[in-house]
Amino acid sequence: MKEYIPTPVDTQSIQIPEELKSLAEEMSKNVHEVWAQTRISQGWTYGEERNDTEKKHPCLVPYEDLPEEEKEYDRNTSVETIKLILKLGFKISRD
């Protein structure tokens with residue numbers, strides 16, 4: 001198998017405007033909700049420790065109850081998505 005080397009778009013120069021920071025947090029929560037909904041539909045339930053065989057996962061809790069490191073994972077996804085949108089020249093505005 002050929003070695004896979006990820007090459008995401010470089011968004012380091014993109015700064016998220018202050019008015020979009022609350023959007024990033026709402027997106028983070030939604031990312032978690034979509035992930036949790038998918039897992040639950042696949043038969044996963046809450047468990048204090050992850051167990052793939054028994055389909056148990058400690059993150060099947062509301063976003064607000066996640067450990068900070070798990071929230072950061074979701075935030076990174078959301079922030080990088082917003083930065084990519086801006087880098088590609090799109091505008092994000094609230095109607």
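Structural data are supplied above this passage.
Q: With reference to specific residues and values, describe a nonpolar patch on the surface.
A: On the surface, a cluster of nonpolar side chains totalling about 380 Å² of accessible area is made up of Val9, Leu84, Leu88 and Phe90. On the basis of relative accessibility, which here comes to 44%, the residue valine 9 falls in the partly exposed class.

Q: Any details on helix 2 (residues 68-87)? Residues and values, ideally.
A: The terminal C-alpha atoms of helix 2, which comprises 20 residues, lie 27 Å apart, in line with the 28 Å expected from a rise of 1.5 Å per residue. Those residues of helix 2 hidden inside the fold are in contact with helix 1 (18-41). Within two residues after helix 2, glycine 89 carries a phi angle of roughly 95 degrees, on the positive side.

Q: For the pattern of salt bridges, give the residues involved together with the corresponding values.
A: If the charged atoms of two oppositely charged side chains come close together, the side chains can form a pair. Scanning the entire structure with this criterion turns up seven salt bridges. Its salt-bridge partner being aspartate 52, residue arginine 50 comes within 2.7 Å of it at the nearest N-O pair. Since its relative accessible area comes to 47%, aspartate 52 is described here as partly exposed. Among the ionic pairs, glutamate 80 bridges to lysine 83, the shortest N-O distance being 3.7 Å. Here glutamate 80 and its partner lysine 83 are both found in helix 2, three residues apart, which amounts to about one turn of the helix. A residue is classified by how much of its surface remains accessible, and glutamate 80, at 30% relative accessible area, is partly exposed. Three or more residues are tied together by salt bridges with common partners; here these are Glu25, Glu68, Glu72 and Arg75.

Q: Let's hear about the side chain of aspartate 74: which residues, and what values?
A: Note on placement: aspartate 74 falls in helix 2. No salt bridge is formed by the buried aspartate 74. Its closest oppositely charged neighbour is arginine 75, at 8.3 Å. Not counting residues up to four positions away in its chain, the partners in contact with aspartate 74 are Ser28, Val31, His32, Tyr63 and Leu66.

Rules behind the numbers
Residues numbered from 1 in each chain as written. Predicted model: local features only at pLDDT ≥ 70, side-chain atom pairs only at ≥ 80, totals over all residues. Heavy atoms only, no water. Patch = residues over 30% accessible without salt bridge, like charges linked within 9 Å, V, L, I, M, F, W, Y side chains within 5 Å. Areas by Shrake-Rupley, 256 points an atom, 1.4 Å probe, with all protein chains shown as cover. Salt bridge = Lys/Arg side-chain N within 4 Å of Asp/Glu carboxyl O. Buried < 20%, exposed > 50% of the residue type's maximum accessible area, 1.4 Å probe, protein only. Helix = DSSP H or I, 4+ residues; strand = E, 2+ residues; numbered from the N terminus. Expected span 1.5 Å × (residues − 1). Contact = heavy atoms within 4.5 Å. Lys, Arg positive; Asp, Glu negative; His and termini not counted.

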